[in-house]
Amino acid sequence: MVQTIVYLIRHGQTKWNLEGRMQGHKDSPLTKLGVTQAEKLHDSLINEKIHLIYSSESKRAYDTAKIIQGNRNIPFYTSNQLKEINMGEWEGMKQADIINKYPKAWNYFWNNPEKYTPIGEGESYEKLKNRVIPALENIINSNQGKNIMIVTHRITTKVIISYFKNQDIHEITNNPDINPASLSKISICNGVPKILLYGDTSHYK
């Protein structure tokens, strides 16, 4: 039996998270707390055998991944395909201003993802799925039997989890939110995924 383990991690808290701004493809640095969250995850995973690390190219994810890696000699790759959903005009905007200006689209974004259409040159959930899932499948298929760490983003993580759960896009909102520097762990045996951990933050303590 071939078992592949995926450690799926969202980046630590960022400056824009704290300010209530949307990030998407834009970026902001990890806060002091965000660094601490990543360090605690590093400590909790120190005895886990990780064969390789994949990170979104966004600096907040890359920095989180590097903190978790620490001084361990683990092959490290970045991927443009693992970036957050492109939020178009919302990127850098405060959530309160988006709610005020685009209440319907905002509601769809969180509660009816299949109906959500981005404002400006952004991505729908379908577009995100079509970008992320082939990259994910490629990572898993080319690393059968290995323990793979993937560091990415909130909505990207939710789309990946829904893929492992064999859910349609409209079902994504049935799943709990994904907190900063949380860990989801998926075991794949003979092509069948099993979610062992979902958005776990027990390492915060």
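Here the structure is a predicted model, which is why all the values come from computation and not from measurement.

Q: If you had to explain the pairing of strand β4 (residues 147-152) to someone new, which residues and values would you point to?
A: With respect to burial, β4 is a largely interior element, six of its six residues being buried. Because side chains alternate across β4, one face comprises the buried residues Asn-147, Met-149 and Val-151, and the other comprises Ile-148, Ile-150 and Thr-152, equally buried. Of the pairings in the sheet, the one linking strand β1 (residues 3-10) to β4 comprises six bridges and is parallel in character. When the bridges of β4 are listed, Val-6 appears paired with Ile-148.

Q: Account for the environment of Ile-98, naming residues and giving values.
A: Among the secondary structure elements, Ile-98 is positioned in helix α4 (residues 95-101). For Ile-98, a relative accessible area of 0% puts it in the buried group. Beyond its immediate chain neighbours, meaning those up to four positions away, Ile-98 contacts Met-22, Trp-90, Met-93, Pro-103 and Trp-106.

Q: Give a detailed account of the nonpolar core, specifying residues and quantitative values.
A: Counting 35 residues, the largest nonpolar core has Ile-85, Trp-90, Phe-109, Tyr-125 and Ile-150 as its most contacted members. Mapped by element, the contributors of at least two residues to this core are β1, β2 (52-56), α5 (103-111), α6 (125-141), β4, α7 (154-164) and β5 (183-189). Once residues within four sequence positions are removed from consideration, Phe-109 is found in contact with Met-22, Ile-85, Met-87, Trp-90, Tyr-116, Tyr-125 and Ile-155. By size, the runner-up hydrophobic cluster in this structure holds 15 residues, among which are Leu-45, Ile-50, Met-149 and Val-151.

Q: Requested: an account of the packing of α6 against α7, with residues and values cited.
A: For the pair α6 and α7, interaxial distance at closest approach is 10 Å and the crossing angle is 65°. As judged from the angle between their axes, α6 and α7 are roughly perpendicular. In terms of crossing hand, the pair formed by α6 and α7 is right-handed. Where α6 abuts α7, its residues Tyr-125, Leu-128, Lys-129, Val-132, Ile-133, Leu-136, Glu-137 and Ile-140 lie against Ile-155, Thr-156, Val-159, Ile-160, Tyr-163 and Phe-164. For the contact of α6 with α7, a count of residues per class yields eleven nonpolar, one polar and two charged.

Q: Describe the sheet that holds strand β6 (residues 192-200), and please don't skip the residues or the numbers.
A: Strands sit in the order β3-β2-β4-β1-β5-β6 across an open sheet of six strands; the sheet is mixed. Looking at the sheet topology across the chains shown, the edges are occupied by β3 (76-79) and β6. Between one strand and the next, the sheet's axes are offset by a mean angle of 20°, whatever the strand orientation. Bridge count for β1 against β5 is seven bridges, and the pairing is antiparallel. In the sheet register, Gln-3 faces β5, and the bridge partner there is Cys-189.

Q: So, the environment of Ile-150: which residues are in play, and what are the values?
A: With respect to the helices and strands, the residue Ile-150 is situated in strand β4. Note: C-alpha distance between Ile-150 and Ala-61 (89 residues apart in sequence) is 9.5 Å. Excluding residues that lie within four positions of it along the chain, Ile-150 makes contacts with Val-6, Tyr-7, Leu-8, Ile-9, Tyr-54, Leu-82, Leu-136 and Ile-139.

Q: An account of the packing of aromatic side chains is requested, with residue identities and associated values reported.
A: This structure, assessed with the given rule, holds twelve aromatic pairs. Ring plane angle 75° and centroid distance 4.9 Å describe the contact between Phe-109 and Tyr-116, whose orientation is recorded as edge-to-face. Classification of Phe-109 by relative accessible area gives buried; the value is 0%. On the numbers, 5.5 Å between centres and 55° between planes, the contact of Tyr-163 with Phe-164 is tilted.

Rules of the game
- As a convention, each chain's residues are numbered from 1 in the sequence order in which they are written.
- Per-residue local features of the predicted model are confined to residues with pLDDT of at least 70, and side-chain atom pairs are confined, for both listing and counting, to 80 or more; whole-chain, interface and lining totals are unaffected and use all residues.
- Side-chain metrics rest on all non-hydrogen atoms present in the structure, leaving aside hydrogens and water.
- The buried label goes to any residue with under 20% of its type's maximum accessible area, the exposed label to any with over 50%, and the partly exposed label to all in between, with areas taken from a 1.4 Å probe on protein chains only.
- Here a helix means four or more residues in a row that DSSP labels H or I, a strand means two or more in a row labelled E, and each is numbered from the N terminus.
- Following DSSP output, two strands are said to pair if at least two bridges run between them.
- The contact rule is simple, with two residues in contact once any of their heavy atoms fall within 4.5 Å.
- Buried residues of nine kinds, namely Ala, Val, Leu, Ile, Met, Phe, Trp, Tyr and Cys, make up a nonpolar core once their side-chain atoms join them within 4.5 Å.
- Orientation is described by lines fitted to C-alpha atoms, with helices fitted over the stretch in contact, and by angles between N-to-C directions that extend from 0 to 180 degrees.
- Convention used here: angles under 35 degrees read as roughly parallel, angles over 145 as roughly antiparallel, angles from 65 to 115 as roughly perpendicular, and any remaining angle as oblique.
- A clockwise turn of the near helix away from the far one marks a right-handed crossing, whereas an anticlockwise turn of less than a right angle marks a left-handed crossing.
- Three classes are used: nonpolar for Ala, Val, Leu, Ile, Met, Phe, Trp, Tyr, Cys and Pro, charged for Asp, Glu, Lys and Arg, and polar for all others, with Gly counted as polar.
- Working definition: rings of Phe, Tyr and Trp (its six-membered ring) pair if their centres are within 6.5 Å, and the pair is stacked with planes under 30 degrees apart, edge-to-face with planes over 60 apart, and tilted otherwise.

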